[in-house]
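For reference, the chains in residue letters:
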Amino acid sequence: MFKDIVSNEEAKRFLQNELRMKKSSATYLFNGKRGSNPMEFALAFAKAILCEEAENDFCDVCSSCRRVESGNYPDLHIYGREGSIKIDEVREIIYKASSTSYEGNKRIFILDNIEDLRKEAANALLKSIEEPEEGTFFILLSETLNIIPTILSRSILVNIAKKNMEELGVSKGEYDFFFGNTREIEEYRRRGLDISKEESYREIGALLKEYKEDQDLEVKIRVYRALRDFMGRRVSLDNLDKMYFAQEIAKGLAKSKGFDRTREVAEEMMYCATLLARTPEKLEKLLEMKGYNKFNVNLSLLLKLFFLEI
Ligand SMILES: [Zn+2]
């Protein structure tokens, strides 16, 4: 039930009000800043729309709720979890949104990372989300409101905040270790992982390579450690060491089959480093550099410039 999700009281109240209105179709935009977990709310809302038992809520017990939870509900379609939605996936969404649902009444599309959608893909999608067919619900997820204005204006906006330390039940040290990332902290708690192990910055390439294989949080923790090791030593390191570090990140993340989040993870490394640097006068410049990542510049070069500067 909604009350079991700690945090975001206002968003939960809003969503339950929406359910009370018994809309037959709608498009929502769940805006969750970096580190929040809008997917949790999207799935809860999807459950509530489909639930067979609870009124304006979800029960987590009925067959619909359980199938949404296990990812086996045929009329719930999730796209974009691993990065931006491709144009052929958009075509698939348009086709599915206009054909009959399996269970006969409602179908839900959760589209993640909507801010990364290319213009042509967004335009193709527009007609489907503008006026969804009877029984069709779109839940779009985005880290920013800097998205195609027509999509923004057609959606019902729901803001999702990061959970705070108390809501997550962790210490400040633990919270800061994960840069306040809700999803990672919850997984860290659930799995009882260890964040105390030291890691040398020189291992960053090997660690990222390993992370790329299965994207496991346990390895991510070691990546965070290696990054912290670098940031802690950076004043005493010479330019060659810094270039080595940048080079290793680029090498570790080099594109390979089944992994297309190279730029995303590289950007995350720069973002975390910026937070760790804590020098306000440098922050702006670093963020500006980080922004170049969007324009397909040579990643290895960008990382070198960035880590030399930091
Ligand atoms: Zn239910």
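Residues numbered from 1 in each chain as written. Predicted model: local features only at pLDDT ≥ 70, side-chain atom pairs only at ≥ 80, totals over all residues. Heavy atoms only, no water.

> Looking at this structure, I do not really get the coordination of the zinc ion. What am I missing?
Each donor-metal-donor angle would ideally measure 109.5 degrees in four-coordinate tetrahedral geometry, or 90 or 180 degrees in six-coordinate octahedral geometry. Note on the zinc ion: its protein donors are Cys51 (SG), Cys59 (SG), Cys62 (SG) and Cys65 (SG). The metal-donor distances range over 2.3 to 2.4 Å. Its four donor atoms give the zinc ion angles of 104 to 115 degrees at the centre, a pattern that matches the tetrahedral case. (Donors = N, O, S within 2.8 Å, 3.2 Å for Na, K, Ca; no water. Tetrahedral: all angles 85-135°; square planar, octahedral: opposite > 155°, others 65-115°.)

> Would you explain the pattern of salt bridges in this entry?
For side chains of opposite charge, pairing can occur when their charged atoms come near one another. Following the criterion strictly, the structure yields 22 salt bridges and no others. Between glutamate 55 and lysine 22 there is a salt bridge, with the nearest N and O atoms lying 3.7 Å from each other. With glutamate 55 in the loop between helix H2 (38-50) and helix H3 (63-69) and lysine 22 in the loop between helix H1 (9-20) and strand S1 (26-32), this pair connects stretches of sequence that are 33 residues apart. Owing to a relative accessible area of 61%, glutamate 55 belongs among the exposed residues under this scheme. Of the charged contacts, one joins arginine 191 and aspartate 216 as a salt bridge, the two residues approaching to 3.3 Å between their closest N and O atoms. Linking arginine 191 in helix H9 (residues 182-191) with aspartate 216 in the loop between helix H10 (204-214) and helix H11 (217-233), this pair joins segments that are 25 residues apart in sequence. The exposure class assigned to arginine 191 is partly exposed, which follows from its relative accessible area of 35%. Here the residues in one salt-bridge network are Glu187, Arg191, Asp216 and Glu218, joined through shared partners. (Salt bridge = Lys/Arg side-chain N within 4 Å of Asp/Glu carboxyl O. Helix = DSSP H or I, 4+ residues; strand = E, 2+ residues; numbered from the N terminus. Buried < 20%, exposed > 50% of the residue type's maximum accessible area, 1.4 Å probe, protein only.)

> Help me out: how do you make sense of H2 in this one?
An α-helical turn contains 3.6 residues, so any two residues separated by three or four positions project in the same direction. Taking 1.5 Å as the rise per residue, H2 with 13 residues should run 18 Å; its terminal C-alpha atoms sit 18 Å apart, in good agreement. Where burial is concerned, most of H2 is hidden: 11 out of the 13 residues are buried. What H2 keeps buried is the set Pro38, Met39, Phe41, Ala42, Ala44, Phe45, Ala46, Lys47, Ala48, Ile49 and Leu50. (Expected span 1.5 Å × (residues − 1).)

> Just checking my understanding: could you explain the pairing of strand S3 (residues 107-111) for this structure?
Strand residues, when the strand is regular, have side chains that alternate between the two faces of the sheet. The element S3 is extensively covered by neighbouring structure, given that five of its five residues are classed as buried. Across the two faces of S3 the burial is the same, with Arg107, Phe109 and Leu111 and Ile108 and Ile110 all buried. Pairing analysis gives four bridges linking strand S2 (residues 76-79) to S3, with the strands arranged parallel. Within S3, the position partnered with isoleucine 78 by the bridge is isoleucine 110. Pairing between S3 and strand S4 (residues 136-142): five bridges, direction parallel. Each residue of the ladder has a partner; that of phenylalanine 109, found in S4, is phenylalanine 138. In this fold, S3 hands off to helix H5 (residues 119-130), which returns the chain to S4; that crossover is right-handed. (Pairing = 2+ DSSP bridges. Right-handed = clockwise from strand over helix to strand, strands pointing away.)

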